[in-house]
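A structural walkthrough
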There are 2 protein chains.
Amino acid sequence: MLGLTPYAPWLGILGLIVAYLIYAYVKKQPNGNQTMQDLEEMIHDGAMAFLKKEYTYLAVFVAAVFIILAAGVAWQTAVAFVTGACCSIAAGLMGMTSATRGNSRTAEAANKKGQAAALNVSYFSGAVMGLSVASLGLVGVGFWFWIFGENVTTAQYINGFAMGASSIALFARVGGGIYTKAADVGADLVGKVEAGIPEDDPRNPGVIADNVGDNVGDIAGMGADIFESYVGSIIATIAIGATMVLQQGQENLRMSYMALPLLVVMGGLLSSFVGVFSIQALKSINPASALRYTTFVAAIIFIILTYNTISLLGLPIGIFWAILSGLLVGIAIGLLAEYYTSGPPVKKIASQSETGPATVVISGLAVGMESTYLPVLGICTAIFIAYNTAGIYGIGIAAVGMLATVGATMTVDAYGPIADNAGGISEMAGLGPETRKITDSLDALGNTTAAIGKGFAIGSAALTALALFVAYTQASGLKTIDITDPLVVIGVFLGGIIPMLAAALTMTSVGKAAFEMVEEIRRQFREIPGLLEGKEGVKPDSTTCVSIATASAIKEMILPGLIAVLSPVVVAIFLGKQALGGMLLGATVMGVFLALFMANGGGAWDNAKKYIEAGNFGGKGSSNHKAAVVGDTVGDPFKDTSGPSMNILIKLMSVVSLVIAPLLLHWVGLLRW
Amino acid sequence: MLGLTPYAPWLGILGLIVAYLIYAYVKKQPNGNQTMQDLEEMIHDGAMAFLKKEYTYLAVFVAAVFIILAAGVAWQTAVAFVTGACCSIAAGLMGMTSATRGNSRTAEAANKKGQAAALNVSYFSGAVMGLSVASLGLVGVGFWFWIFGENVTTAQYINGFAMGASSIALFARVGGGIYTKAADVGADLVGKVEAGIPEDDPRNPGVIADNVGDNVGDIAGMGADIFESYVGSIIATIAIGATMVLQQGQENLRMSYMALPLLVVMGGLLSSFVGVFSIQALKSINPASALRYTTFVAAIIFIILTYNTISLLGLPIGIFWAILSGLLVGIAIGLLAEYYTSGPPVKKIASQSETGPATVVISGLAVGMESTYLPVLGICTAIFIAYNTAGIYGIGIAAVGMLATVGATMTVDAYGPIADNAGGISEMAGLGPETRKITDSLDALGNTTAAIGKGFAIGSAALTALALFVAYTQASGLKTIDITDPLVVIGVFLGGIIPMLAAALTMTSVGKAAFEMVEEIRRQFREIPGLLEGKEGVKPDSTTCVSIATASAIKEMILPGLIAVLSPVVVAIFLGKQALGGMLLGATVMGVFLALFMANGGGAWDNAKKYIEAGNFGGKGSSNHKAAVVGDTVGDPFKDTSGPSMNILIKLMSVVSLVIAPLLLHWVGLLRW
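Please read all numbers here as calculations on a predicted model, not as lab measurements.

A closer look at the overall build of chain A
Helix and strand counts for chain A stand at 18 helices and 0 strands. For chain A, the C-alpha radius of gyration of 24 Å lies close to 26 Å, the compact-globule estimate for 673 residues. Projecting the C-alpha coordinates of chain A onto the three principal axes gives extents of approximately 80 × 55 × 45 Å. Long-range pairs, those at least 24 residues apart, make up 85% of the contacts in chain A with a sequence separation of at least 6. As presented, chain A carries roughly 20800 Å² of accessible surface, and 65% of it is formed by carbon and sulfur atoms. Between the averaged position of the 36 positive side-chain charges in chain A and that of its 43 negative side-chain charges there is a distance of 2 Å.

Given below as structure tokens:
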């Protein structure tokens, strides 16, 4: 079995080829009439313009960190860092290309061939993202494991790859999250509220930016997030395997421990292939079940492969139970997110609209807070089982287990925004109510999968951050991190500050960026004659809106990004590595709670509004609906900007600490006296 | 110096006598015309009815815990527990009696003699509360120290006193918080919004309940909170002194370490006497400065007394710096709370009303989140200085330093709601605009002192909880609590759950209780003929409103209370004492952040609304004002129910752990395998 690890990058390349073939298949589908093709082009160009500008800024950041790492840590780490950043960027580009090509084709399929065909196109467009994330991760980690993995000391260079992936992810999530909500709020506020034109109306200059935002936030942002968890969990587990204390006579198993995460995800990718293509057999049943079953198919095959791998390597079977606990808790957290964002709590929030917006907001906040405890108990259960069946190694491998079938699960996540955009395009191109009905049904399904995906992203981020934390403590030579030491307590408090501050900053940023969008859309309606009246041939200047959203998103992502990267370094220097350990735990705990609170609260408000729009409590246009819209608007930055940023934040802080850990081995902190 | 400790309870009794004399002075003041006397009687009766009902329920709880403690821990602890509960109840009763007698007399003084006289009456009414809290604490802790303090092993029985104080405090804060907001929201919603009658209008059946609520929440609740911090910090420091490891040849200093917190607060009470009576000399300058200067006078005298005490005892002078750091950080956190709830952030929130309620809510949430980091840095600074100047003992004594002059600071806190109620009475009794102007100015001043008081309460709760945490680790024989142990990590996560859940529960409770109030007020307007029209002789049935608010507040306080008391016990049993240590830290960190977030966010919304009402951004009645009212309503349970509950929660969990610590000395937890 051990001899299989050098094939990891090759399997990754095979995955990329499969992804490319799927992309070619999607691209071959008809993309409709001229209007649809134009819209596709505009969304594609807008998305690429955002990515290009974002990556230009990131190039400077990557170069600076490369130099710092090469000078301060090791040149090998620095090189791995750059490749991690590049792989994350590549995954984003591939996913976005496929998504922006898939939306018009989904609309066309819905228009000409019906629901099953439309589901097929959007699902496979998403599969390009899912398989790219998994394959690029395998290529990168597999390659570096092949180069550095043979030796316990050189294995630490692989950590640079995870830091590269994390850095890009933070900026992609924060920048993308700000972009998408600024565009969404801006377009809605001026279009729907002020000008009184419908959603996705082609006269609205902000609509293209809004559609671009769905891709930027939900495809590139979510992809970078999951890519980071995937890579981070594998690398953390390799690092734990390389440094953990083994029982006497077990030293010969160390290479197996180190190789296992790689072998597990290789099995995960193979299972994902089967899962993804099983849609062909499943699509005749109802779409909701079909999507869900693809991930179950992947999970079952994965479980069988994993059990055999562990047996063949001669590792304790407890490890299997750790992996299984991670997998199951990941699913459980996803389903809990679905419960809180579309179950009874949503109706409770909707009913509060009877007494106005304030009670809608209060009950949504309460639902968000309440929604934290079951997922956190789930995370605690996973930790408990993993630790008791496989020791400290179990924490890492459980995270890997949660993420191994990402090729299949991420496909379903990426499907959502594609279906959403297809709906937008069919509205703007005037494809008629029948088509819109199909795309709406696909979109509704996408909202459910998005909620599950968000829950899963939080759960995997939590376990990955903990795995990285364990790897950090071992790599920095900490036997204990003692919270009866007040400096560690200070570290925990300081750790709690970072997510709170990042949440405050990103929420404020959305407001600022949205305000600039509002001004620009108002200006266009005022200054472009005939635009609002829908005069033939008069088109809005969508490009300017896209650039404004891009510029302000990128400006606003810098401060939270720098805080996340620098704060662990500052704490290590002034308070020492024990306090840094405390900080990582404080940030992880606070980050997980805030992520759940914001994602679930935001999702619940969104669906409470939709529940009223479906005709309950007075329906659309009633004062109850207005109250629910307030909740939904508050929830927008919660669920799509600040909440998701938490996932990355906690992983990035942990991975930065892991990378600098070798420097901290004999370190006590400047101010520690 | 050591010989002075037996005088502690006598000094406390002296303090009670002074408080009684002040009360007699207040009572002697004229309480106005028949309407005012009737109103005073109704508010007084309502408040006492609430307390009576609350204490009836608590008697059952206290009896049950007494039996459990006597059987499970020690009968001495159980007896101390009951006395702690009784002292907390006594402090609440004294404060409420004085406050409810003081409000009509303040109104009358404002009516007949002007601002200086009204300030005088309301300030001295508050002083009864301030001095009662400090004196009762000294009586209780001093008595038990006299009985058990001579011996290191018997000293642990004193912990029961703190647990008694904490238990009552939780129910008083949660129940009081729910009561006050349910009454407030209910009265406003039906009165101001639906019936269109002004605030504090005597026709509104909910107005008396609202006024009772101010006393129940802000006097009894705040008093119990501070009493708990005061008692908790002293007892934690005694416990740390009793159990900490001393350097060789320093064992003779142990009694000094144990006695010091008592001696420090004795100095604090003496300083508070001077501070309180200095108002007589200061009242000719402007009221805002006068109030502030009384606390400065107390602080300066306290610093001088403390320095000499430490010198005379032959203890290291580093302890003095620890005390000073606690005192200064307490003031700093209070001032930061003032900044966030009345400085530039308030104007920022008000400006967001231009784009509707959603942006008001978003910016308020962002301000609340942002407002956490400076106070937390302050707490970290206090920990850092205290630890580096006086070791682990420093954490405890810094908390004592922050709280020692509570006689003076709590007087200012209690002044606020008295001034507020005086305003309500002068409105209801129709004392005219001149009087109302004076009471309004006193009320505005009270809002500022309330913000500072809330910040101070959070800061002192944080330091007290940490001191109790340190005492717990020592008493349970934990040399280290290691966060590289996954069970401790689970403990930290579980600790985070409790404040989140308590916040969710209490916010929901306010909604439920307010809803019942709304129904009742609507019923009265509907069924009592001539009430809404203001027909001569037709009076609302205020008593029923008071009972409804009382019943629902008491029903809703039970679940959060039980969670707080039982969760540490459950975690100790199933996961062991290390995990319990992790839990306490997790709960403290999460609790402090949520307390700051909610208190400051809520305060900022409140003042943003008032800023608009003062004529900015369109003024009262504009759509901007409506948007700001939504923020204010969301902020109500934030700042007056859920936020303040956090303070008690974290202290109560720590003190329960400290009390059961002796049982855990050789304990590893049922499920730890």
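The rest of the description comes next.
Description of the relation of the copies chain B and chain A
Mapping between the two chain copies consists of a rotation about an axis together with a translation along that axis. With an axial shift of 0.0 Å and an RMSD of 0.0 Å, the rotation relating chain B to chain A amounts to 180°. The relationship between the two copies is best expressed as a two-fold rotation axis. Among all residues of chain B, the minimum C-alpha distance to the rotation axis is found for B:Asp482, at 2.3 Å. A share of 100% of interface residues in chain B that are also interface residues in chain A marks the association as one of identical surfaces.

Topic: the interface of chain B and chain A
Every contact between the two is made by 66 residues of chain B and, on the other side, 66 residues of chain A. Among the residues of chain B in contact with chain A, B:Met369, B:Ile483 and B:Phe493 are the three that bury the most area, contributing 13% of the side total. Applying the counting rule to chain B against chain A returns 0 salt bridges. For the interface between chain B and chain A, the tally reads 4 residue pairs in polar contact (both at pLDDT 80 or more). Only helix 12 (357–370), helix 13 (373–403), helix 15 (433–475), helix 16 (486–527), helix 17 (542–613) and helix 18 (623–664) of chain B provide two or more residues apiece to the side of chain B that touches chain A. With 16 residues, the single largest contributor to the side of chain B that touches chain A is helix 16 of chain B.

Here's the deal with empty space enclosed by the protein
Rolling a probe over the atoms, with the probe sized like a water molecule, indicates the empty space that remains. Residues and elements named next belong to chain B. Here the structure, examined in full by the defined rule, presents 9 cavities of 30 Å³ or more. In this model, the largest cavity occupies a volume close to 410 Å³. Lining the largest cavity are 22 residues; nearest its centre among them are Arg-292, Thr-295, Phe-296, Thr-409 and Ile-452. Put simply, the parts of the chain that give the lining of the largest cavity at least two residues each are helix 9 (287–313), helix 10 (318–342), helix 14 (406–428) and helix 15. When grouped by side-chain class, the residues that make up the lining of the largest cavity number 12 nonpolar, 8 polar and 2 charged.

Description of the packing of helix 16 (residues 486–527) of chain A against helix 18 (residues 623–664) of chain A
Residue and element names in this part refer to chain A. Relative to each other, helix 16 and helix 18 sit at 145°, their axes nearing to 9 Å. Note on packing geometry: the crossing formed by helix 16 with helix 18 is right-handed. Every residue of helix 18 that contacts helix 16 at Ile-498, Pro-499, Ala-502, Ala-503, Thr-506, Met-507 and Val-510 is listed here: Pro-637, Phe-638, Thr-641, Ser-642, Ser-645, Met-646, Leu-649 and Met-653.

Structural notes on the packing of aromatic side chains
Residues and elements named next belong to chain A. Summed over the entire model, instances satisfying the criterion amount to 36 aromatic pairs over all chains. Judged by centre distance (4.8 Å) and plane angle (75°), the rings of Tyr-257 and Tyr-393 are edge-to-face. Linking Tyr-257 in helix 7 (residues 254–277) with Tyr-393 in helix 13 (residues 373–403), this pair joins segments that are 136 residues apart in sequence. On the accessibility criterion, Tyr-257 (8% relative accessible area) is buried. Relative to Phe-617, the ring of Tyr-611 lies with its centre 6.4 Å away and its plane at 55°, an arrangement referred to as tilted. Take Tyr-611: its relative accessible area is 25%, and that puts it in the partly exposed class. Ring pairs connect the aromatic residues Phe-143, Trp-144, Trp-146, Phe-148 and Tyr-157, which therefore count as one cluster.

Quick word on the environment of B:Phe145
All names here are of chain B. As for its position among the elements, Phe-145 is in helix 4 (residues 115–148). Considering only alpha carbons, one finds Phe-145 and Thr-508, 363 residues apart in sequence, at a separation of 42 Å. Not counting residues within four places of it along the chain, the set of residues in contact with Phe-145 comprises Thr-5, Glu-150, Ile-158, Ile-238, Met-255, Met-258, Ala-259 and Leu-262.

Observations concerning the state of the cysteines
Residue and element names in this part refer to chain A. Throughout the structure, instances matching the rule amount to 0 disulfides over all chains. Between Cys-86, a free cysteine, and Cys-87, which holds the nearest cysteine sulfur, the sulfur-to-sulfur gap is 7.1 Å. A relative accessible area of 45% places Cys-86 in the partly exposed class.

A short note on the pattern of salt bridges
Residue and element names in this part refer to chain A. With the rule as written, the count across this model stands at 54 salt bridges over all chains. A salt bridge links Arg-254 to Glu-251, with the nearest nitrogen and oxygen atoms 2.7 Å apart. One salt-bridge network, held together by shared partners, links Lys-181, Asp-184, Lys-454, Asp-606, Lys-610, Asp-636, Lys-639 and Asp-640.

Observations concerning unusual backbone geometry
Located in the positive-phi region is A:Phe617, a residue other than glycine, with phi close to 45°. Position of A:Phe617 relative to the elements: it lies in the loop between helix 17 (542–613) and helix 18.

Observations concerning helix 7 (residues 254–277) of chain B
For helix 7 of chain B, built from 24 residues, the straight-helix expectation of 34 Å at 1.5 Å per residue is met to within 8% by its first-to-last C-alpha distance of 36 Å. Of all the bends in helix 7 of chain B, the greatest, near 40°, is centred on B:Leu260, and the proline B:Pro261 appears no more than four residues after it.

Notes on the side chain of A:Ser325
With respect to the helices, strands and loops of the structure, A:Ser325 is situated in helix 10 (residues 318–342). With near-sequence residues (within four places) excluded, A:Ser325 lies in contact with A:Ala382, A:Ile385, A:Ala386 and A:Ala398.

Comments concerning the confidence of the model for chain A
Low-confidence regions, as indicated by low pLDDT, have predicted coordinates that should not be scrutinised in detail. When pLDDT is averaged along chain A, the result is 90; 99% of the residues meet or exceed 70. Both confidence scores are given for the complex: pTM 0.94, ipTM 0.94.

Describing the packing of helix 1 (residues 8–28) of chain B against helix 4 of chain B
All names here are of chain B. Contact pair helix 1 / helix 4: the axes reach a minimum separation of 8 Å and the direction vectors enclose 160°. In terms of orientation, helix 1 lies roughly antiparallel with respect to helix 4. Crossing geometry of helix 1 relative to helix 4 is assigned as left-handed. The residue inventory of the contact of helix 1 with helix 4, partitioned by class, reads 20 nonpolar, 7 polar and no charged.

Quick notes on helix 9 (residues 287–313) of chain A
With 27 residues, helix 9 of chain A should reach 39 Å at 1.5 Å per residue; the first-to-last C-alpha distance of 39 Å fits that figure. Following helix 9 of chain A by one or two positions, A:Gly314 adopts a phi angle in the positive range, close to 75°.

Focus on the side chain of A:Thr411
Position of A:Thr411 among the secondary structure elements: in helix 14 (residues 406–428). Discounting residues that sit within four places of it in the chain, A:Thr411 has contacts with A:Tyr123, A:Gly126, A:Ala127, A:Gly130, A:Val276 and A:Val406.

Reading the values: the criteria
Residues numbered from 1 in each chain as written. Chains lettered and ligands numbered in written order. Predicted model: local features only at pLDDT ≥ 70, side-chain atom pairs only at ≥ 80, totals over all residues. Heavy atoms only, no water. Helix = DSSP H or I, 4+ residues; strand = E, 2+ residues; numbered from the N terminus. Rg over C-alpha atoms; globule rule 2.2 N^0.38 Å. Contact = heavy atoms within 4.5 Å. Areas by Shrake-Rupley, 256 points an atom, 1.4 Å probe, with all protein chains shown as cover. Lys, Arg positive; Asp, Glu negative; His and termini not counted. Charge placed at Lys NZ, Arg CZ, Asp CG, Glu CD. Least-squares fit on C-alpha atoms with pLDDT ≥ 70 in both. Buried area = accessible area lost by both parts, 1.4 Å probe. Salt bridge = Lys/Arg side-chain N within 4 Å of Asp/Glu carboxyl O. Polar contact = N/O pair within 3.5 Å; in protein donor to acceptor, adjacent residues only side chain to side chain. 1 Å grid on protein atoms, 1.4 Å probe; cavity = no way out; pocket = protein on both sides within 12 Å on 5 of 7 lines; lining within 4 Å. Points joined across faces, edges and corners; volume = space filled by probe spheres on them. Nonpolar A, V, L, I, M, F, W, Y, C, P; charged D, E, K, R; others polar. Axes fitted to C-alpha atoms, helices over the stretch in contact; angles between N-to-C directions. Left-handed = near helix turned anticlockwise from the far one by under 90°. Phe/Tyr/Trp six-rings, centres within 6.5 Å; stacked < 30°, edge-to-face > 60°. Buried < 20%, exposed > 50% of the residue type's maximum accessible area, 1.4 Å probe, protein only. Disulfide = S-S within 2.5 Å. Expected span 1.5 Å × (residues − 1). Bend = angle between axes of the 7 residues up to and from the residue. pLDDT = per-residue confidence, 0-100. Parallel < 35°, antiparallel > 145°, perpendicular 65-115°, else oblique.

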